[in-house]
Amino acid sequence: MTPPPYVPGHHLLDGRTAVITAAAGSGIGGATARRFLEEGARVVIGDAHARRLKETAAALAAEFGEAKVAALPCDVTDEDQVNALLELAEEHHGRLDIVVNNAGLGGTADLVEMTDEQWSRVLDVTLNGTFRCTRAALRRMRATGSGGVIVNNASVVGWRAQRGQAHYAAAKAGVMALTRCAAMEAAEYGVRVNAVAPSLALHPHLVKVTTPELLAELTEREAFGRYAEPWEVANVIVFLAGDYASYMTGETVSVSSQHA
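Residues numbered from 1 in each chain as written. Predicted model: local features only at pLDDT ≥ 70, side-chain atom pairs only at ≥ 80, totals over all residues. Heavy atoms only, no water.

This part takes up the overall build of the protein. Counting its secondary structure elements, the protein contains 8 helices and 7 strands. Taking 260 residues into account, the globule formula puts the C-alpha radius of gyration at 18 Å, and the protein, at 17 Å, falls close to it. Dimensions of the protein, computed from C-alpha atoms along their principal axes, come out at roughly 50 × 40 × 40 Å. Looking at the protein as a whole, 51% of its 260 residues are labelled buried. (Helix = DSSP H or I, 4+ residues; strand = E, 2+ residues; numbered from the N terminus. Rg over C-alpha atoms; globule rule 2.2 N^0.38 Å. Buried < 20%, exposed > 50% of the residue type's maximum accessible area, 1.4 Å probe, protein only.)

Let's shift gears to the sheet that holds strand S4 (residues 98-101). Across a sheet, paired strands are connected by hydrogen bonds in the backbone, their directions being either parallel or antiparallel. The strand order across the open sheet formed by 7 strands is S3-S2-S1-S4-S5-S6-S7, and the pairing between neighbours is parallel. Lying at the two open borders of the sheet, with one neighbouring strand each, are strand S3 (69-73) and strand S7 (252-255). The sheet shows a mean angle of 15° between the axes of neighbouring strands, taken without regard to direction. The sheet contact formed by strand S6 (residues 191-198) and S7 spans 4 bridges and is parallel. Each bridged residue has a counterpart across the sheet, and for Pro198 the counterpart in S7 is Val255. The strands touched by helix H2 (residues 50-64) within the sheet are strand S2 (42-47) and S3, with S3 carrying the most contacts at an inclination of about 180°. (Pairing = 2+ DSSP bridges. Axes fitted to C-alpha atoms, helices over the stretch in contact; angles between N-to-C directions. Contact = heavy atoms within 4.5 Å.)

Moving on, we get to the pairing of strand S5 (residues 148-153). Most of S5 sits out of view: 6 of its 6 residues are buried. Of the two faces of S5, the one holding Gly148, Ile150 and Asn152 and the one holding Val149, Val151 and Asn153 are both buried throughout. Relative to S5, S4 runs parallel, the two being bridged by 4 bridges. By the bridge assignment for S5, Ile98 is matched with Val149. Considered for its hand, the β-α-β crossover made up of S4, helix H4 (residues 116-144) and S5 is right-handed. In this fold, S5 hands off to helix H5 (residues 166-186), which returns the chain to S6; that crossover is right-handed. (Right-handed = clockwise from strand over helix to strand, strands pointing away.)

We now examine the packing of helix H3 (residues 79-93) against H4. Axis separation between H3 and H4 bottoms out at 10 Å; the angle between their running directions is 40°. As summarised for this structure, H3 and H4 are arranged oblique, according to the angle between their axes. For the element pair H3 and H4, the recorded crossing hand is right-handed. Between H3 and H4, the residues in contact are Glu79, Val82, Asn83, Leu86, Glu87 and Glu90 and Arg132, Cys133, Arg135, Ala136, Ala137, Arg139 and Arg140, respectively. In terms of residue class, the contact of H3 with H4 is made up of 5 nonpolar, 1 polar and 7 charged. (Parallel < 35°, antiparallel > 145°, perpendicular 65-115°, else oblique. Left-handed = near helix turned anticlockwise from the far one by under 90°. Nonpolar A, V, L, I, M, F, W, Y, C, P; charged D, E, K, R; others polar.)

Right, let's get into the pattern of salt bridges. Applying the stated criterion across every chain, the model contains 13 salt bridges. One salt bridge in this structure joins Arg132 and Asp124, with 2.7 Å as the shortest N-O distance. (Salt bridge = Lys/Arg side-chain N within 4 Å of Asp/Glu carboxyl O.)

Now the structure itself:
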C-alpha cells in the first residue's frame, strides 16, 4: 500500500515558536520542523550533528524565510546546550510555545551481551535527554505564565517486547511515564505534555543501522503493510501541539497498529 497524498498546511500553528531536537536530516525531527513551518510556526532546531543541522537549517530558511528558522547544535546529554537552545528561541523569536523532544538513540544488543556503556548511552540520550529538555522547558513556561506544549517522541517498543531492544524499550517506556507525571505537574501552569509512539518510520539513518531482514519483518507487522513516512508521524505531533488537542495531556498516542 502506498502512502496517502501529502497534507497541505492549514495555519494550525500560526505565530507560535517551536523548539525541535534532533531535527537535522530526513527523520521525524526534520519532518516535524517542515510541517510546523507549513503550519505557520517559527522553528528553532537543534541536533548533535552540526554539519547536517547547518544544511537542514539552510534548506528550510531558503524555502520558508530566514526569519522563520534558527538553529543551534545541541547534545541533549549536556544541560548547558539544552538551555542554550531554548534561550535561542526566546532571543530569536521572543517567546517559547512548543518543545518537541525528538532526540533518541537506539541500537541492537541481547541483554546478556549488552555493556554498561551501551545501556547508559541509550538511556542518557533517550530518557535523560527528554527529562533535561522537559525540565528546562517547564521552568521557562512556568515563569512566563503563558502556557505551552511539550510533545515527546516515545515508541511502541515502550509497550511491547522486541529482542535486542531492552535498553531502548526501557528508555521509551520511561519517556511515557515521564510524560504522564510531567503532565500532572504542568497542568497548573497551563502547559500540556503528550507523546507520540511510532513504530517504523523509515529514513536513511534507520536503514544504515537496521538489517534488511529486520526492516522487512517489522514492515510486515504493520496493518497497512508498509512503514510510516516521517511526515505522517509529524502530522500527529502537529495535532498534539495545536489547539485541536487542547484537552489532551499525559497521553501517549500510538502512530501504528503495533501498540501491544
